[in-house]
Every structure is written in structure tokens, then in C-alpha cells.
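# Understanding the architecture of this molecule
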Amino acid sequence: MLFDSLDLAFSEKRNQPVSSGGFFNLFGGATKSGKPINSNTALTLSAFYNGVNILCNDYAKLPKSIYRKTDGSRKKIDNHSLSYLVSKKPNSYMTAYTFDKVMLLSAILKGNAYAIKVKDETTQRTTSIEFIDQQKKTVQVLDSGKGLVYKIDGELYDSDDIIHVLGFTTNGIVGIGVVTMAAMSLGVNLNAQEYASEYYESKGEGIGVVTTAKPMDGDAKIRYANGLSTRLSSKDKFKVAVLDEMGSFQHIKLTPQESQFLVTHKQGVVEVARWLNIPPHKLKSLDNATFSNIEHQEIAHVSDSILPWIKAFKAEYDTKLLTKKEVEGGYYFYFNHNSLLQSDKTTQADYFSKLIFCGSMTRNEVRGLLELNPIDGLDAPLTPVNAQTLELIEAKLNELKQKTKENE
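Nothing here was measured: the structure is a model prediction, and the numbers come from that model.

This part covers the sheet that holds strand β3 (residues 73-76). Strand order in the open sheet formed by three strands is β3-β2-β14, with antiparallel pairing between adjacent strands. A single partner strand is all that each edge strand has here, and the edge strands are β3 and β14 (331-335). Shown here is a sheet whose adjacent strand axes are inclined to one another by a mean of 40 degrees, direction ignored. Examined bridge by bridge, strand β2 (residues 64-70) and β14 share five bridges and lie antiparallel to one another. Along β14, the bridge assignment pairs Ser65 with Tyr334.

Let us look at the confidence of the model for the chain. Chain-level pLDDT for the chain is 78 on average; 71% of the residues reach the 70-or-more range. Low pLDDT (under 50) marks residues 22-27, which in the prediction has eight contacts with non-local residues, meaning those over four places away or in another chain.

A separate point is the pairing of strand β5 (residues 126-131). Each regular strand shows side chains that alternate between the opposite faces of the sheet. Sheet topology places strand β4 (residues 112-119) next to β5; five bridges connect them, and they run antiparallel. For Val118, the partnering residue across the bridge sits in β5 and is Ser128. Linking β4 back to β5 in an antiparallel pair, the connection comprises six residues, with Gln124 at a positive phi of about 65 degrees.

With that settled, consider a nonpolar patch on the surface. On the surface, a nonpolar cluster with roughly 400 Å² of combined accessible area is contributed by Leu390, Ile393, Leu397 and Leu400. Along the chain, the position of Leu400 falls in helix α15 (residues 390-407). The exposed category is assigned to Leu400, whose relative accessible area is 52%.

A word on the sheet that holds β4. If you walk across this open sheet you meet the three strands as β5-β4-β9, and the pairing is antiparallel. The open sheet has two edge strands, β5 and β9 (162-166), and neither has a second partner. Direction aside, the axes of adjacent strands within the sheet are offset by 25 degrees on average. The sheet contact formed by β4 and β9 spans five bridges and is antiparallel. Bridge pairing links Asn112 to Leu166 in β9. Of the strands in this sheet, β4, β5 and β9 are in contact with helix α5 (residues 96-109), which crosses β4 at around 135 degrees.

Quick look at unusual backbone geometry now. Although it is not a glycine, Asp153 sits at a positive phi angle of roughly 50 degrees. Here Asp153 shows up in the loop between β7 (148-152) and β8 (155-158). A relative accessible area of 48% places Asp153 in the partly exposed class. Within the chain, Asn277 stands out as a residue other than glycine whose phi angle is a positive 60 degrees. Turning to its location among the elements, Asn277 is positioned in the loop between α10 (264-276) and α11 (294-320). Residue Asn277 is classed as partly exposed on the basis of its relative accessible area of 43%.

Calculation criteria
- Residues numbered from 1 in each chain as written.
- Predicted model: local features only at pLDDT ≥ 70, side-chain atom pairs only at ≥ 80, totals over all residues.
- Heavy atoms only, no water.
- Pairing = 2+ DSSP bridges.
- Helix = DSSP H or I, 4+ residues; strand = E, 2+ residues; numbered from the N terminus.
- Axes fitted to C-alpha atoms, helices over the stretch in contact; angles between N-to-C directions.
- pLDDT = per-residue confidence, 0-100.
- Contact = heavy atoms within 4.5 Å.
- Patch = residues over 30% accessible without salt bridge, like charges linked within 9 Å, V, L, I, M, F, W, Y side chains within 5 Å.
- Areas by Shrake-Rupley, 256 points an atom, 1.4 Å probe, with all protein chains shown as cover.
- Salt bridge = Lys/Arg side-chain N within 4 Å of Asp/Glu carboxyl O.
- Buried < 20%, exposed > 50% of the residue type's maximum accessible area, 1.4 Å probe, protein only.

Here you go:
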């Protein structure tokens, strides 16, 4: 590693930065008020904030463990040094939940999530995993000609020392944040949000026009308008305004075009759901949700929205945290996404019953999933007596015949 680092330092001049490239860098812009469209402003949209938060929370709450597969069976390895880092506390600043959440947040918003492996100088074992805040530290991905090199605040790191989880990517090396891609779409929702705020602040519902049959000079109009406004805005229980000179008051309401624009944010919920690849009902949009399909939508959320991120993180953990020898020995990380598929009690009981009576799971294994202690005698799988092979049936018939002969 020492010679590798020296070689990287001397070859810094030939390292070429790798960018997302293409026309995607041209996306961006600002709202009509001049507010830039970026990760911070996008999060002011309730649907976008809620969607990102749901994805990050669902991934962060997954149980994460190290397993070892040998001879067709697998065993959970609780005493592995990485098990505590991944499942409890990856570094001195964060719990595993916070670390996982902020890593996925970076991958979604910025397109890239980075973390540095801190290793013991003697054993070369990973002792902590430090999250890299891209708002405070500049990260560059460089191509050295022999592989990737990461330059973080002027310091070079080998690619094996950096956990790098990509979001959407066109080159497989550097990711592109969803806000970059969705800038135009999110800009429409931000403009609608600003318009609604400006409208209710400047116009509200108490807006109208007074018409009179008699011409009035400028000062008279101002006095007339101020007097009428004072009267109508008073806190009296009854508000009665008397208009002189055949005057009439016309209340101005929202035009159909303005009303449609003010509800754009409702349509924007579905648009945000598309960009984040989550079901609209997760964003509290229940227009097309029913009790019969909501559970299937939850399954689709796990398989289509969460599972791809699980695969991305698992691939980095397996190749960057585990040694080659450990991987060859059957070690791997397991993210239990089944914890997100907890259905109602009736469906859950029926599911476990079928697994038990078909012999796929023991009763103690099911108790373990329910966080219950094992009971003696429940470790053996059950065998359904009405589903047996011909060999077993013939063997039992022969056994019965033999017993019958012995009794005779």
C-alpha cells in the first residue's frame, strides 16, 4: 500500500478526472423568482422531501448482518469484526441507522455516496467507516490509467479504500443526482409553490373592484378604497358597507386558469413518485389506492424501490469490506429486506403456517422471526403425512404387513 500511494502521488499529473459527462450537465436552472433548483430547494417540496425520507428510512432500518455459506447451509457470523460496524456503529460519530440513511440520501440527491475505510496499520482490519460530507469536502474521481483513484480534499485514496455507491449513472463510474435530471419537472412544482404563496399573500380572498356611475379623481378613489377596506376588515360581528353614488362591489375570485395552476402541486406528487421510483400512495396520494391492492403496492415498493439500492450497497460492502479470502470462504453481507414485508396478522399467520406444515421452516425458526425465545422440541421440521413419495408409502405398507404377520 505504501508503494502504491507513492506511485499515485507521483502520477497525479496523469490522473484524469472522470465526470458524468454528456448533456446531463446542462440541466438545472432557477425558478421565476431566481431561486436555484438544487437539492436544498427541491427538499422544500413536501412530496420530494417525504419520498426521499421514506426511501432512506426504509433502507436504514433493514437488519444488516454477515453470513457464511458452506456446503449448502448458511450461518450468521455475529463475532465478525465488521458485523458491529455495519449493524451498530460504523464510526464514532454515527449509529448504523444514521450512517445508512445519510449514505443513501447522498446517493439519491448527489448521485454519489462516499465513505472512507479506516484500517488498523498492523492488522489491516477495517476499524471504522467514515462518511464523506460532499458539502464540506471536495471529491474527485480520477482515472490513473490502471484504475480509479479518489482525491478527497487534496489527498489521494486507492479505490479499494473508498466505499462508493452510485445513483443513476451513464458510465458506471460517476453517478448523477436525481435533482439534476428532474430539475425542469421540480422547477414547475417550485414555481407553483411560489405562485400559491405569492397569491395568498398579496391577494387572498378579500379582493374586489368597486364601480361607480360618477367619475372620481385619484385622491377620492384612494379615500373611497381605504374606507371600504377598513370597514370590511374590521373585527365587528357584522360588517355592513354602504356605497355612495350608485356604487357596486364585485368580488374577484380565482380564474379557472389560476385555480388549475394552484393545484399543480397535487399533480406534482405523482411526478415526484416517478422520479424517485416509489408508489404514489407512499407520498400520501391515495387516489387510486384500495385495501385490496395496497399490500401488493407495498411489495412492489420493496422490490422496485428498495431492493436496487440494497444490491448497490451490498456489492460495495462485499467487494470493499470483505477480503478476497473471506469472499472465497463463503462470507457475504445480508440485508434482510423481508422485514419491510410485514403484512397484517392474518396474512402473516397463514404464511408462517404454510411454511411450517410444508417443512420449509421449523417452529423455532418462526419464533425467532417473531422475536420469541425457542421452545424445546420445536427444532425438527414437520413432515406432511398426506404428501409422501411412493418409496415412503411402499415402505410403510411393507412395515404394516410385517407387523400383521408377527401379530398372527
